[in-house]
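Working through the structure, step by step
The chain contents come next:
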Amino acid sequence: MARFRFPVLIALAVFIVALALTAALKDSHYILLSLVLLGAALFPLFAGLERRPIESRELVLLAVLSAVAAVSRIPFAALPSVKPVSAIVILSAYVFGAEAGFIIGAVAALVSNIYFGQGPWTPWQMFCWGMIGLTAGWLRGTWWMRKRTGMLIFGFVWGFLFGWIMNIWYLISLPDAFSWKLVVSAYIASFYFDLAHAVSNVVFLSLLAGGWIKVLERFRKKYGLLQKE
Amino acid sequence: MSSGFRSMHPTVAIVYYAGLVLFAALLFHPVYLMTELIGVLGLLLLQGQGKTLLRGLPFYLLMAGSVAVLNPFFSHRGSNILFYFMDQPVTLEAILYGLMMMLVLLTILIVFVSYNYTVTTDKFMYLFSSVAPKSALLTLMSLRFVPLFQRRLRQITEIQRTRGIDTSKGSVRKRMKDGMTLLKVLLTWSLEEALQTADSMKARGYGVSKRSSYANYKMDRQDIFVLVMLVVSGLIPLLGWLQGYGTMQIYPRLKPLEYTWQEAVVYASFCLFVLIPSGLEGKEKWIWRSSQRTGYPSAIPMKPGTRFMSSRSR
């Protein structure tokens, strides 16, 4: 069975991609295609994690940071858009880099949804938080990310982007009504939620940034984790 | 207690739920969608999940219902104009399309309620540990850390209270600062301890050779039988869909549904796919009930036990 696993998986993937494309072209039905595209976006980074020789210390570090991010979501469960996850993912990515940031964000989404309930939104959240980590890691060397205000602006912008990307999975079920008017009204409806997320990002980042970056950097140095080549 | 469909091999469950989501996204046909919705609702009720369903239902209805309301006001395609709303035509086709999309969303959301009950996290991890061992280990570890960290955070809160660091007293500013102190302690403590875990993993030889995975699920004859049934009965509607069955054309002009014998075959096969787990669940309920009735001896000499009694993964 183990020998056939990969060919079978590849065949299945090709089959599903073909189905999704047919559905999109034939019936302009995009739900399946969107899931396939998300899968394609998530796949290379997880495959990178699988292929690369990784120290057990690094693996455990990633697990701890994802778990802290997931736990931080629990006390704020009652407030719909206040999620410290984004701030924690940004800080981790700032210290440990893009790839680590992506994994932490995606795993935090998956794990916290085991407590909050999985749904069609899980892959979207994995994608969003993964992308927050990835972009924060990419930009960590730039001068404005090093400035505290730059990082706060980054968090603020991603608060809105997160909401906008999450709106897509809802808009996709209205393929025919799709027009700029609909998009605008959907984004106006979600404005306060997005604003709450953006503001809470700024608050959490400004509270956490100094202390956490110091702690994480000390760990990176002390144990030689995920060093830049 | 797990019984019936829930105690089957994880592969069977994942094939079933993947099939349900796939069909909900592909088969754009009211009869098929209603069948799937009713089938999944029946399965949920048989699994005793009525309460969980009721708790989430208002949210699902709101989410799916808004699609049905929004579509006719933003989409003006279709030839049967019913009335004008703010100078915009509202067409019969757009209303029907919105209702169909509502069904699609509702079905997918409710499939996930059943999925959350049937495919528990350990089963999900079992399926992925052989394909992506590192990601699965990572997820599993962080999953295990969540309750641990919650417990730890409570301990830290109690200890720090003696130093006056308390999130329930003082100004908002002080309380937030105190909250962040608690989180920082949690982070340092957990990282320090987790890295010891990592060293101990390394000392035991993690990463030296290819990781083997322990399987505590065995495919028995019933699992294989049900899996084959699901695959066969699922492939027929899929092939039928590629031939153009199981969809309804709404735009640009509503087409009446056609009933042919090919369509009937496809539909019957689809029904079989949707209802197999409910059938299993119902069968177990029935056997259990009849095994309770000792006052009325059964004509069958050897009463078959439920799957819960014979299953080996207890």
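Residues numbered from 1 in each chain as written. Chains lettered and ligands numbered in written order. Predicted model: local features only at pLDDT ≥ 70, side-chain atom pairs only at ≥ 80, totals over all residues. Heavy atoms only, no water.

**Looking at the overall build of chain A**
When helices and strands are tallied, chain A shows 10 helices and zero strands. Tracing chain A from N to C terminus, the helices and strands come up as α-α-α-α-α-α-α-α-α-α. For chain A, the residues scored as buried account for 58% of the 229 residues in total. When contacts within chain A are restricted to residue pairs at least 6 apart in sequence, those whose partners lie at least 24 apart make up 72%. Surface exposure of chain A reaches about 10,000 Å², of which carbon and sulfur atoms provide 72%. (Helix = DSSP H or I, 4+ residues; strand = E, 2+ residues; numbered from the N terminus. Buried < 20%, exposed > 50% of the residue type's maximum accessible area, 1.4 Å probe, protein only. Contact = heavy atoms within 4.5 Å. Areas by Shrake-Rupley, 256 points an atom, 1.4 Å probe, with all protein chains shown as cover.)

**Description of the overall build of chain B**
What chain B contains, in helices and strands, is 10 helices and two strands. The order of α-helices and β-strands along chain B, N terminus first, is α-α-α-β-β-α-α-α-α-α-α-α. In chain B, buried positions account for 45% of the 314 residues. Sequence separation of at least 24 residues holds for 74% of the intrachain contacts in chain B that already meet a minimum separation of 6. When the accessible surface of chain B is totalled, it reaches about 17,100 Å², and 65% of it is carbon and sulfur.

**Let's talk about the confidence of the model for chain B**
Residue and element names in this part refer to chain B. Scored by pLDDT, chain B has a mean of 80; 83% of the residues are at 70 or more. Helix α10 (residues 307-310) is the least confidently modelled element of chain B, averaging 55 in pLDDT, while helix α2 (residues 30-46) averages 89, the highest of any element. We note a pTM of 0.77 for the whole complex and an ipTM of 0.82 for its interfaces. (pLDDT = per-residue confidence, 0-100.)

**A closer look at α2(B)**
Residues and elements named next belong to chain B. Between the first and last C-alpha of α2 there are 24 Å, a value that for 17 residues agrees with the 24 Å anticipated at 1.5 Å per step. Of all the positions in α2, only Y32, L33, T35, E36, L37, G39, V40, L43 and L44 are classed as buried. After α2 finishes, the residue G48 shows a positive phi value of roughly 75°. (Expected span 1.5 Å × (residues − 1).)

**A few points about the packing of helix α3 (residues 50-74) of chain B against helix α4 (residues 92-118) of chain B**
Residues and elements named next belong to chain B. It is the contact of α3 with α4, at a shortest axis distance of 8 Å, that shows an interaxial angle of 155°. By the angle class used here, α3 and α4 are roughly antiparallel. You can see that α3 and α4 cross each other, and the crossing is right-handed. Along its contact with α3, which presents L53, L57, Y60, L61, M63, A64, G65, V67, A68, N71 and P72, the element α4 presents A94, I95, Y97, G98, L99, M101, M102, L105, L106, L109, I110 and V113. Class assignment of the residues belonging to the contact of α3 with α4 gives a composition of 20 nonpolar, three polar and no charged. (Axes fitted to C-alpha atoms, helices over the stretch in contact; angles between N-to-C directions. Parallel < 35°, antiparallel > 145°, perpendicular 65-115°, else oblique. Left-handed = near helix turned anticlockwise from the far one by under 90°. Nonpolar A, V, L, I, M, F, W, Y, C, P; charged D, E, K, R; others polar.)

**Side note on the UniProt feature "transmembrane region" (unreviewed entry) in chain B**
All names here are of chain B. The sites that carry the UniProt feature "transmembrane region" (unreviewed entry) are, in the present numbering, residues 12-33, 53-74, 95-118, 124-146, 224-244 and 264-280. Secondary structure across residues 95-118 divides into 100% helix and 0% strand, with the first and last C-alpha atoms of the span separated by 35 Å. Along residues 224-244, the helical share is 90% and the strand share 0%, with 30 Å between the first and last C-alpha atoms. (UniProt positions renumbered as here; feature names shortened; annotations may be inferred.)

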